[in-house]
Amino acid sequence: FEKRYRSRGLRLLASLIIFVFLLPYSASVYKGLGGMFQRAFGFDYAWCVTAIALLSAVYLFAGGYRATAVTDFIQGFIMLAGIAAVVVYIVRAAGGVSGGVEALAAEGMGSLLPPQGKGSWLLSNVLLTSMGVLGMPQMIHKFFAIRDEGSVKRATVISTAFALIVAGGAYFAGSFGRVVLAKIAAPDGAGTLYDLVASGAMSMDDIMPAMLTDPTVVGIPDAVQGLFVVLLSASISTLTSLVLSSSSVVTLDLVGPVAKLRPRGATLLMRVLCVLFVALSLAINFWMQDTPIVSLMSLSWGT
């Protein structure tokens, strides 16, 4: 922005936007992890998210970008195995592919979406989760670490296949999950899933943890549940990517030009800001604990 429009003010403004609006996204990561650990193991939510914050701060302070890159690599394999297991168990609980499709057709769109504006609500949500990620700073940040053109070609194929499997599996499991959750939340057929969410009997953020830890309808074995917990734990790499992007923006674009930092001083400041950003996002998580994850994420993705 600064070079294109010859405006230092635009650079400062863009830097502040990145720092401020990545905070609620980080808070949403805490919320998802904390909720799953709480339901799967009975951990106290506050202690759980605090431990996640401490772990993230320690290995970011010590390892920086290399630590994030290694965890991203490992996370990819865990996500592939996890999404495959999710699809298998959810489809089975829904009564198979044909049974699930029939149940969805009978259930209709009104069971989960708000009564008004169903189409626009669904379209905006799909656009936000599908297109919003393309502009996220931590995604663009990764391009700076590309080694050569050959790596770009390989990464294009690998990342496209990976996104197709993970995102496709998530959408597929989510649609069938509505049928499964209706059985879990209202086994006697009294009320739809949307009614339960609207009445407060079930939170939107409880939906996936309830499905993955249900012992009767879904019946996922403990070992596979452990895989899901590990899969969600891998979300910490998302958190660290956000933290790195924000801390580098403040160091290189806000403070750097004014203070004229040397490389060693910039690295130290970036490490301190990593810890500060983790603490701020944790505080926002506690402050907005009743806000749904999708709403927290939309603050960042929408911006």
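Criteria and thresholds
- Residues numbered from 1 in each chain as written.
- Predicted model: local features only at pLDDT ≥ 70, side-chain atom pairs only at ≥ 80, totals over all residues.
- Heavy atoms only, no water.
- Helix = DSSP H or I, 4+ residues; strand = E, 2+ residues; numbered from the N terminus.
- Buried < 20%, exposed > 50% of the residue type's maximum accessible area, 1.4 Å probe, protein only.
- Contact = heavy atoms within 4.5 Å.
- Areas by Shrake-Rupley, 256 points an atom, 1.4 Å probe, with all protein chains shown as cover.
- Core = buried A, V, L, I, M, F, W, Y, C linked by side-chain atoms within 4.5 Å.
- Arc of directions from axis to C-beta.
- Expected span 1.5 Å × (residues − 1).

For the chain, the helix and strand inventory stands at 13 helices and zero strands. Reading the chain from its N terminus to its C terminus gives the helix and strand order α-α-α-α-α-α-α-α-α-α-α-α-α. Each of the 303 residues in the chain was classed as buried or not, and the buried ones make up 36%. Long-range contacts, defined here as pairs at least 24 residues apart, represent 80% of the contacts in the chain between residues at least 6 apart. Within the structure as shown, the chain displays about 16,600 Å² of accessible surface, and the carbon and sulfur contribution to it stands at 69%.

Turning to the nonpolar core, a few remarks are in order. By size, the foremost hydrophobic cluster in this structure holds 55 residues, and its most contacted members are Tyr30, Ile52, Val180, Val218, Ile220, Phe228 and Val243. Of all the elements in the fold, those that place two or more residues in this core are helix H2 (8-41), helix H3 (45-93), helix H7 (149-185), helix H9 (207-213), helix H10 (222-233), helix H11 (236-259), helix H12 (263-287) and helix H13 (293-302). Apart from residues no more than four positions distant in its own chain, Ile52 is found in contact with Tyr30, Leu33, Ile236 and Leu239.

By the burial criterion, the buried members of H13 are Ile293, Leu296, Ser300 and Trp301. Viewed end-on, H13 has its buried residues packed into an arc of 125°, placing them on one side of the element.

In this model H12 runs 36 Å from its N-terminal to its C-terminal C-alpha over 25 residues, within 8% of the 36 Å that 1.5 Å per residue would give. Residues Ala266, Leu273, Cys274, Phe277, Val278, Ser281, Leu282, Ile284 and Asn285 constitute the buried set of H12.

Mapped onto the elements, Asp222 comes out in helix H10. Along the primary structure Asp222 and Ala40 are separated by 182 residues, whereas in three dimensions their C-alpha atoms are 9.5 Å apart.

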